Amino acid sequence: MKEKIQNLIEEVQLVSISTAVELEQFRIHYQGRKGILAGLFGEFKRVPPAQKKETGKILNDLKMVVQARIDAFIQEPGATEETPFTDLDLTRPVTYMEPGTRHPLSIVRNQIIGIFSRIGYTVAEDREIEDDWHNFSALNFPEEHPARDMQDTFFIEKNPDIALRTHTSSVQIRTMEKNKPPIRSIFPGRVFRNEVISARAHCIFHQVEGLSVDKDVSFRDLKQTLLYFAKEMFGDDTRIRLRPSYFPFTEPSGEMDVSCNICGGKGCNICKYTGWVEILGCGMVHPAVLENCNIDSEIYTGFAFGMGIERITMLKYQIKDLRLFFENDLRFLNQFRGVF
Ligand code: DAH
């Protein structure tokens, strides 16, 4: 009997099993109720006591070798405990994974990029940790300007000053240092200010900066570009108005309002009953800024603008609380399902 079992151990190792059907045949042949192992264990009862120990040992070896072949098959890729099959069943229903949604700020950022790329603007991004030169000095901020104060800006190091950029205007400088006019680009990105978090303000938010520098660029070009943008973003009936303002890096400077797209200009609580909503700052690039970037301000002029993506998204989708953008609450995010 010992010799018979020894032969079977060799045989079991040589059997080829490559499909689930072959595995099942193997299992029944060896482990089945009337299979080889059952037969041998029956015979084992009649083995004389003196041989029991040795025969029992190799019989157990055979049992283990059979089980090892079955286990090896289960561990093959694509097989699971319940379905030890290598030939994958492609008709089985899959575990459904819900597709995610784009974040509303990404949706609107992409829309802004789309609108400006249709009139030839390229897109650039740059660093969020900036030095004083690119965030303030090259943009003509005087030494004592309040934005340079710790209360407004997150400084990482002092002397030399390194801070989280407070606006995307820093990318204007980086772009003009690297490129010669004509320049027509927008710069989307994240910015940081030491603000108290509320429904209308956050210490992290997003802007898109625009810059156009060339010979003979005038305020008319600025106004026409912004009107085009407002109509594309909020609809064809949208009107714009420019109010004089002040920024150190533009002269003259303005702030642009769009007619309220919620009440159509009649007056509501979103536009505080004025019919207008402010969406961006803009102006003609200050000659000192061009010169700081080695662009001859006698030959070239330019315009620039900067808008907050949160503000535009809130207006467009009638969102009342800016904090919703940062909470990752699925009840909010799921409302943008299918919007691209
Ligand atoms: N950097 C300004 C801010 O964060 C926005 C701005 C205003 C950008 C006027 C410009 C501009 O490019 O010309 O408030």
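These numbers were taken from a predicted model, which means no experiment stands behind them.

Below, the discussion takes up the overall build of the protein chain. When its secondary structure is counted, the protein chain shows 12 helices and 10 strands. The C-alpha radius of gyration computed for the protein chain amounts to 36 Å, which surpasses the reference 20 Å derived for 340 residues by more than 25%, pointing to a less compact arrangement than a globule. Counting the 340 residues in the protein chain, one finds 42% classified as buried. Taking contacts inside the protein chain between residues at least 6 apart in sequence as the whole, the part at least 24 apart equals 66%. Working note: accessible area of the protein chain is about 19500 Å², and carbon and sulfur atoms make up 52% of it. Positive and negative charge centroids in the protein chain, built from 42 and 47 side chains respectively, lie 8 Å apart.

Our next topic: the sheet that holds strand β6 (residues 204–214). Reading across the sheet, the 7 strands line up as β1-β5-β6-β10-β9-β8-β7 and stay open at both edges, with mixed pairing between neighbours. Edge strands, defined here as strands with exactly one partner in the open sheet, are β1 (122–123) and β7 (240–247). With respect to the sheet, helix α7 (residues 169–178) is in contact with β5 (183–192), β6 and β10 (301–308), its orientation differing from that of β6 by roughly 35°.

Further remarks concern the pattern of salt bridges. Inspection of every chain in the model, using the stated rule, returns 21 salt bridges. Where Glu43 meets Lys4, a salt bridge forms, and the shortest distance between an N and an O atom there is 3.0 Å. Within this pair, whereas Glu43 is found in helix α3 (residues 36–44), its partner Lys4 is found in helix α1 (residues 2–14), the two being separated by 39 residues in sequence. The class for Lys4 is partly exposed, based on a relative accessible area of 41%. Each of the salt bridges in this network shares a partner with another, and the network as a whole consists of Asp126, Arg127, Glu130, Asp131, Arg174 and Lys178.

A few words now on the packing of helix α2 (residues 20–31) against α3. Angle between the axes and distance between the axes are the two parameters that describe a pair of packed helices. Packing of α2 against α3 leaves a shortest axis separation of 4 Å and a crossing angle of 10°. Classified by the interaxial angle, the pair formed by α2 and α3 is roughly parallel. Contacts between α2 and α3 pair His29, Tyr30 and Gln31 from the former with Ile36, Leu37 and Ala38 from the latter. Among the residues making up the contact of α2 with α3, the classes are represented as 4 nonpolar, 2 polar and no charged.

Strands pair in a sheet through their backbones, by hydrogen bonds, and they do so in one of two ways: parallel or antiparallel. Reading across the sheet, the 3 strands line up as β2-β4-β3 and stay open at both edges, with antiparallel pairing between neighbours. Every interior strand has two partners, whereas the edge strands, β2 (129–131) and β3 (155–157), have only one. Across the sheet, the mean angle separating the axes of adjacent strands is 35° when strand polarity is ignored. Note: β3 against strand β4 (residues 162–164), 2 bridges, orientation antiparallel. Bridge pairing links Glu157 to Ile162 in β4.

Moving on, we come to the site of the ligand. Looking at the ligand, there are 15 residues lining it, with His167, Ser169, Arg193, Gln207 and Glu209 nearest. Between a nitrogen atom of the ligand and a side-chain N or O atom of His167, the distance comes to 3.0 Å. Within the contact set of the ligand, an oxygen atom lies 3.0 Å away from a side-chain nitrogen or oxygen of Gln207. When the ligand sits alone it has 350 Å² of accessible area, and the protein chains cover 89% of it. Elements that contribute at least two residues to the shell around the ligand include exactly α7, β6, β9 (276–285) and β10. Class assignment of the residues belonging to the shell around the ligand gives a composition of 5 nonpolar, 8 polar and 2 charged.

Moving on, we get to the packing of aromatic side chains. This structure, assessed with the given rule, holds 11 aromatic pairs. Ring geometry for Phe303 against Phe305: centres 6.4 Å apart, planes inclined by 25°, an arrangement best described as stacked. Like Phe305, Phe303 is buried. Site record: aromatic cluster; members linked through ring pairs are Phe116, Tyr121, Phe229, Phe303 and Phe305. We note Lys52 situated over the ring of Phe44; from NZ or CZ to the ring centre the distance is 5.5 Å.

Okay, unusual backbone geometry next. Cis geometry marks the peptide bond from Asn159 to Pro160; its omega dihedral reads -5°. Residue position: Pro160 is located in the loop between β3 and β4. The peptide bond linking Pro181 to Pro182 adopts the cis configuration, its omega dihedral lying at 5°. In this fold, Pro182 is placed in the loop between α7 and β5. We note that Lys272 has phi near 50°; this positive angle belongs to a residue other than glycine. Topologically, Lys272 is positioned in the loop between β8 (250–259) and β9.

Counting through the fold element by element, Lys223 comes out in helix α8 (residues 219–234). Once you skip the residues sitting within four places of it in the chain, Lys223 turns out to touch Ile240 and Leu242.

What counts and how
Residues numbered from 1 in each chain as written. Predicted model: local features only at pLDDT ≥ 70, side-chain atom pairs only at ≥ 80, totals over all residues. Heavy atoms only, no water. Helix = DSSP H or I, 4+ residues; strand = E, 2+ residues; numbered from the N terminus. Rg over C-alpha atoms; globule rule 2.2 N^0.38 Å. Buried < 20%, exposed > 50% of the residue type's maximum accessible area, 1.4 Å probe, protein only. Contact = heavy atoms within 4.5 Å. Areas by Shrake-Rupley, 256 points an atom, 1.4 Å probe, with all protein chains shown as cover. Lys, Arg positive; Asp, Glu negative; His and termini not counted. Charge placed at Lys NZ, Arg CZ, Asp CG, Glu CD. Pairing = 2+ DSSP bridges. Axes fitted to C-alpha atoms, helices over the stretch in contact; angles between N-to-C directions. Salt bridge = Lys/Arg side-chain N within 4 Å of Asp/Glu carboxyl O. Parallel < 35°, antiparallel > 145°, perpendicular 65-115°, else oblique. Nonpolar A, V, L, I, M, F, W, Y, C, P; charged D, E, K, R; others polar. Near = heavy atom within 4 Å. Polar contact = N/O pair within 3.5 Å; in protein donor to acceptor, adjacent residues only side chain to side chain. Phe/Tyr/Trp six-rings, centres within 6.5 Å; stacked < 30°, edge-to-face > 60°. Lys NZ or Arg CZ within 6 Å of the ring centre and 35° of its normal.

Bear in mind that shape data such as this cannot, by itself, settle questions of function.
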